[in-house]
Amino acid sequence: MTQQLAHSPARPLSTRRLLLGCGIVAGPTYVIVALAQALTREGFDLARHPWSFLANGELGWIQTTNFVLTALATIAAAVGLRRSLSPGRGARWAPILVGAFGASMIGAAIFPADPAMGFPPGTPEGPGTVTLSGTLHMAVGGVGFLCMAAACFVIASRQAREDRKGWALYSRVTGTLFIGSFAGIAAGGGVAWANLAFIAGIVAIWSWLSLLSLSLSRQTA
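Just so you know, these numbers come straight off a predicted model, no measurement behind them.

Conventions we followed
Residues numbered from 1 in each chain as written. Predicted model: local features only at pLDDT ≥ 70, side-chain atom pairs only at ≥ 80, totals over all residues. Heavy atoms only, no water. Patch = residues over 30% accessible without salt bridge, like charges linked within 9 Å, V, L, I, M, F, W, Y side chains within 5 Å. Areas by Shrake-Rupley, 256 points an atom, 1.4 Å probe, with all protein chains shown as cover. Salt bridge = Lys/Arg side-chain N within 4 Å of Asp/Glu carboxyl O. Helix = DSSP H or I, 4+ residues; strand = E, 2+ residues; numbered from the N terminus. Phe/Tyr/Trp six-rings, centres within 6.5 Å; stacked < 30°, edge-to-face > 60°. Buried < 20%, exposed > 50% of the residue type's maximum accessible area, 1.4 Å probe, protein only. Core = buried A, V, L, I, M, F, W, Y, C linked by side-chain atoms within 4.5 Å. Contact = heavy atoms within 4.5 Å. Axes fitted to C-alpha atoms, helices over the stretch in contact; angles between N-to-C directions. Parallel < 35°, antiparallel > 145°, perpendicular 65-115°, else oblique. Left-handed = near helix turned anticlockwise from the far one by under 90°. Nonpolar A, V, L, I, M, F, W, Y, C, P; charged D, E, K, R; others polar.

### Examining a nonpolar patch on the surface
Among the surface-exposed residues, Val68, Leu69 and Leu72 lie close enough to one another that they form a single nonpolar patch of about 260 Å² accessible area. With respect to the element layout, Leu72 can be found in helix 3 (residues 60-85).

Given below as structure tokens:
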């Protein structure tokens, strides 16, 4: 009994750090897997094709799996955020918003983007045919992106209240960059600057989640 009592306080902390660890690795894993495909798959052009196009073609299962595994890790991270931020400002909404972003990635895996702009090879140039799957992909992705950007501002509000001004500024800049980059690609799909800006936004938002999870994990330790 004494031994059980001695170990019981450590269990919630270990679980919390494990959940936050999912938040640390989710983004880097997603970016590395997506970039590896983008640089090696025939016909894919980083300046023209969004990463979601990688879910098409014979090797599309790799990006689909990437979506699903990253989504599960993000949802786990949201649970870790809930446990780490509570009580206090943002303890409820920040995890909900991050979890919604994770859920949107599962939706994006279920409803792949339409082939277009010559990818996969053999696809005609131009925007291509818009299907229900492609429409739902954009819809769930858009909702998820908005939720993740909102999470940045919710966390920034908490950080400002805690007088962590540098962190608060970083969170606001990341949220603004992410939503701005999404607006750019939504308005100018296929344009090089919009696509590259969106890649920068994706890297920025995943870096933010990794660093936030790391910071909270260290506080837990």
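### Some details on the packing of aromatic side chains
Under the definition given, this model contains twelve aromatic pairs. Geometrically, the ring pair formed by Tyr30 and Trp51 is tilted, given 6.1 Å between the ring centres and 50° between the ring planes. Separated by 21 residues along the polypeptide, Tyr30 in helix 2 (residues 10-40) and Trp51 in the loop between helix 2 and helix 3 bring together distant segments of the chain. Neither Tyr30 nor Trp51 differs from the other in exposure class; each is buried. Taking the centre distance of 5.6 Å and the plane angle of 65° together, the rings of Trp167 and Tyr170 count as edge-to-face. Taken together, the residues Trp167 and Tyr170, both in helix 6 (residues 165-187) and three residues apart, mark about one turn of the helix. Aromatic rings pair up to connect Tyr30, Trp51, Phe67, Phe101, Phe145, Phe178, Phe182, Phe198 and Trp206 into one cluster.

### Examining the nonpolar core
Ranked by internal contacts, the top residues of the largest apolar core, which has 46 residues, are Tyr30, Trp51, Met148, Trp206 and Trp208. Going through the elements one at a time, helix 2, helix 3, helix 4 (93-110), helix 5 (132-161), helix 6 and helix 7 (192-220) are the ones with two or more residues in this core. The residues contacting Trp208, other than those within four sequence positions of it, are Met148, Ala151, Cys152, Ile155, Tyr170, Ser171 and Thr174.

### Digging into the pattern of salt bridges
Oppositely charged side chains can pair when the atoms bearing their charge come close. Taken as a whole, this structure holds three salt bridges when the rule is applied. Put simply, Glu162 and Arg158 hold a salt bridge, and the shortest N to O gap is 3.2 Å. The salt bridge involving Arg164 is made with Glu162; its shortest N-O contact spans 3.6 Å. Here the salt bridges do not stand alone but share partners, grouping Arg158, Glu162 and Arg164 into one network.

### Considerations on unusual backbone geometry
As a rule of thumb, non-glycine residues mostly have phi less than zero, and peptide bonds are mostly trans rather than cis. Of the consecutive residues Ser86 and Pro87, the connecting peptide bond is found in the cis state with omega at -5°. Tracing the sequence through the fold places Pro87 in the loop between helix 3 and helix 4. The omega torsion of the bond from Phe119 to Pro120 falls at 0°, within 30 degrees of zero and hence cis. A positive phi angle, close to 50°, is found at Met117, a residue other than glycine. Here Met117 shows up in the loop between helix 4 and helix 5.

### Structural notes on the packing of helix 5 against helix 6
Here helix 5 crosses helix 6 at 165°, and the two axes come no closer than 8 Å. The pairing of helix 5 with helix 6 is recorded here as roughly antiparallel in orientation. Here helix 5 runs over helix 6; the crossing is left-handed. Taken together, the residues of helix 6 that come into contact with helix 5 (itself represented by Gly142, Phe145, Leu146, Met148, Ala149, Cys152, Phe153, Ile155, Ala156, Gln159 and Ala160) are Trp167, Ala168, Ser171, Arg172, Thr174, Gly175, Thr176, Phe178, Ile179 and Phe182. Looking at side-chain class alone, the contact of helix 5 with helix 6 contains 14 nonpolar, six polar and one charged residues.

### Section: the environment of Leu72
Of the residues examined, Leu72 reaches a relative accessible area of 48% and is grouped as partly exposed. Residues Leu72 and Gly141 lie 69 residues apart in sequence; the distance between their C-alpha atoms is 16 Å.

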